[in-house]
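Spelled out from the first residue to the last, the chains are:
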Amino acid sequence: MTVHPWVVSVAVLDMVGAVFLACGTWSALRLQAEWSPMSASPTQIHLEVLSETLSIQVRFAAGCLFLSTFLAALAVAWFLPDIVPGAMCGTGVLQAAGPEAKRAVAMRLFGCTGLYIWLVVDRLNRSRPEAPITVLSARTLLAVFPLAVLGVVSTTTSVAALDVQKPVDCCAAVYAAAGGGVAAGWISRIPGSVWTVVFFIFSGLLPALFLMTRFARERFAERLAVFLAGAGLLWTGAAAAALLEVFAAYHYGVLHHDCAWCLLLPEHRGVGFPIYAALLVVFAESTCIPVLSGIRRREPSLVDAVGARMRSASIRIMTAFGLFQVLVLVPPVVWRIRFGVWMG
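Predicted model only: the values in this text are computed from it and were never measured.

Re the pattern of salt bridges
A side chain with one charge can pair with a side chain of the opposite charge if their charged atoms come near.
So, step 1. With the rule as written, the count across this model stands at 10 salt bridges.
So, step 2. Salt-bridge contacts for E100 lead to R103; the nearest nitrogen and oxygen are separated by 2.7 Å. Here E100 and its partner R103 are both found in helix α4 (residues 100–126), three residues apart, which amounts to about one turn of the helix.
So, step 3. The class of E100 is buried, set by a relative accessible area of 18%.
So, step 4. Look at R103 and you get partly exposed, because its relative accessible area is 44%.
So, step 5. One salt bridge in this structure joins E285 and R309, with 3.2 Å as the shortest N-O distance. Note that E285 is positioned in helix α11 (residues 272–298) and R309 in helix α12 (residues 303–339), a separation of 24 residues in sequence.
So, step 6. A relative accessible area of 14% means that R309 is categorised as buried.
So, step 7. Among the ionic contacts, a cluster of salt bridges with common partners joins R59, D122 and R126.

What follows is the structure in structure tokens.
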């Protein structure tokens, strides 16, 4: 098969990112074992230089992997369906790539989220001349490294397994899953009305917790922020399920087409890109808040910086939440005004 240029771009970015990430992780092993901030020895001075180099390497690696993930999504949604017989969207491409493709999607999302958390920790660490959480930053990187590498390996494996000779029927798979049979996932087995109710419950809870966090006394604001983060994570799951089970139909104009990839297609104005970006922002920032809370309790010198970052995280959560609500809830309202009924 002719290698698609978008696949080459993703592979090159993955390779470069993985190499720089591996170099940074190798340095992190030494830092977390030998870092001694109270020492002025030549070894410690060398470790301080190594820490700065690590930060540059991993930030560059994260940029490569974030970009390659976006390009991979774009390739699966827009370009690879042209070379897979019978594929209408990314679902057909994943079918042609086999079961490893779904693992690649999951591992890349978790890996990118982990790298984002590391970036937050690293920025806080660099906000002080003494770099007080260097060891924590190194250990965070050591925890994130396997996820990021598995995402790259799974992507490479799924691309190698991509079959462009055998026809696929992605629409049949989508409708079979929507029918609640053996092919259905656990999300499809739960009625869409249940997901809608859960979604609206947490959609009311998130703004309430945000306002409480903003106006509460400082000693309570941190605890409320952690509750906001928990609600954000639960809202993300309910919102994704409600989107696929209920609200996507208003973009497609048909019922029971529970396809996540079709929202990315040009004929649907690529509305899935900002919708999924909003979900990712809420998920990533909600994951960061408990980490920030732990750093605030552990490192007194970063109390102000962490407090500012937690406030920034809550604002980002609510901004992404508002964008999602507009993109997902306006189409049903327009449909109701035009036709006088809800779809269902």
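Let us keep going from here.
Here's the deal with the side chain of S51
So, step 1. Summarising the element assignment, S51 is placed in helix α2 (residues 42–79).
So, step 2. Residues contacting S51, with those up to four places away along its chain left out, are L31, W35 and T134.

Considerations on a nonpolar patch on the surface
So, step 1. Taken together, the side chains of M15, V19, F20 and F60 define a hydrophobic patch exposed on the protein surface, amounting to about 380 Å² of accessible area.
So, step 2. The element that contributes the greatest number of residues to the nonpolar patch is helix α1 (residues 5–34), accounting for three residues.
So, step 3. Along the chain, F20 turns up in helix α1.
So, step 4. Relative accessible area serves as the criterion here: at 33%, F20 is assigned to the partly exposed category.

Rules used throughout
- Residues numbered from 1 in each chain as written.
- Predicted model: local features only at pLDDT ≥ 70, side-chain atom pairs only at ≥ 80, totals over all residues.
- Heavy atoms only, no water.
- Salt bridge = Lys/Arg side-chain N within 4 Å of Asp/Glu carboxyl O.
- Helix = DSSP H or I, 4+ residues; strand = E, 2+ residues; numbered from the N terminus.
- Buried < 20%, exposed > 50% of the residue type's maximum accessible area, 1.4 Å probe, protein only.
- Contact = heavy atoms within 4.5 Å.
- Patch = residues over 30% accessible without salt bridge, like charges linked within 9 Å, V, L, I, M, F, W, Y side chains within 5 Å.
- Areas by Shrake-Rupley, 256 points an atom, 1.4 Å probe, with all protein chains shown as cover.

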